[in-house]
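Here is how the chains run, residue by residue.
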Amino acid sequence: MKKDNLPLILIVASLILIVLNFIFPSDEMNLGFWMRIIGSVLVIIAMALKIRDRKKQRKNAE
C-alpha cells in the first residue's frame, strides 16, 4: 500500500463510521454520540488538508 493512499482510506473509513453511527444510534443521543461524530469529521478534515498539502509539495518539487 502506498503512503499516499492512507489518508484517503482513513477518510472513507471515517465516513463509514459516521453513517453507521446515524443508522445504529444508542438509545440516548447524548454528548458522547455528538463528540464521536465531531471527532470523525475533524479526522476527515485533517486528512483532506494533508492530501492537499502533499499534492502542493509534489507540484512544487517538479
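Structural notes, computed from the coordinates. These numbers come from a predicted model, not from an experiment. (Residues numbered from 1 in each chain as written. Predicted model: local features only at pLDDT ≥ 70, side-chain atom pairs only at ≥ 80, totals over all residues. Heavy atoms only, no water.)

Let us look at the side chain of S40. In this fold, S40 is placed in helix α2 (residues 31-61). Excluding its chain neighbours within four sequence positions, the residues that come into contact with S40 are S14 and I18. (Helix = DSSP H or I, 4+ residues; strand = E, 2+ residues; numbered from the N terminus. Contact = heavy atoms within 4.5 Å.)

Its 31 residues place the ends of α2 45 Å apart at the C-alpha level, agreeing with the 45 Å of an ideal helix rising 1.5 Å per residue. Looking at the buried side of α2, the elements it contacts are α1 (5-23). (Expected span 1.5 Å × (residues − 1).)

The grouping of F22, L31, W34, M35, I38, V41, L42, I45 and L49 at the surface amounts to a nonpolar patch, some 890 Å² of accessible area in total. The element contributing the most residues to the nonpolar patch is α2, with eight residues. (Patch = residues over 30% accessible without salt bridge, like charges linked within 9 Å, V, L, I, M, F, W, Y side chains within 5 Å. Areas by Shrake-Rupley, 256 points an atom, 1.4 Å probe, with all protein chains shown as cover. Salt bridge = Lys/Arg side-chain N within 4 Å of Asp/Glu carboxyl O.)

For S14, the position within the fold is in helix α1. Take S14: its relative accessible area is 9%, and that puts it in the buried class. Residue contacts for S14: discarding those within four places in its chain leaves S40, V43 and I44. (Buried < 20%, exposed > 50% of the residue type's maximum accessible area, 1.4 Å probe, protein only.)

Turning our eyes to something else, we now look at the packing of α1 against α2. Axis separation between α1 and α2 bottoms out at 9 Å; the angle between their running directions is 160°. Taken together, the axes of α1 and α2 are roughly antiparallel relative to one another. The crossing of α1 and α2 is left-handed. Only F33, W34, R36, I37, S40, V41, V43, I44, M47, A48, I51 and R54 of α2 make contact with α1, whose side of the interface consists of P7, L8, L10, I11, S14, L15, I18, N21 and F22. When the residues that make up the contact of α1 with α2 are grouped by side-chain class, the tally is 16 nonpolar, three polar and two charged. (Axes fitted to C-alpha atoms, helices over the stretch in contact; angles between N-to-C directions. Parallel < 35°, antiparallel > 145°, perpendicular 65-115°, else oblique. Left-handed = near helix turned anticlockwise from the far one by under 90°. Nonpolar A, V, L, I, M, F, W, Y, C, P; charged D, E, K, R; others polar.)

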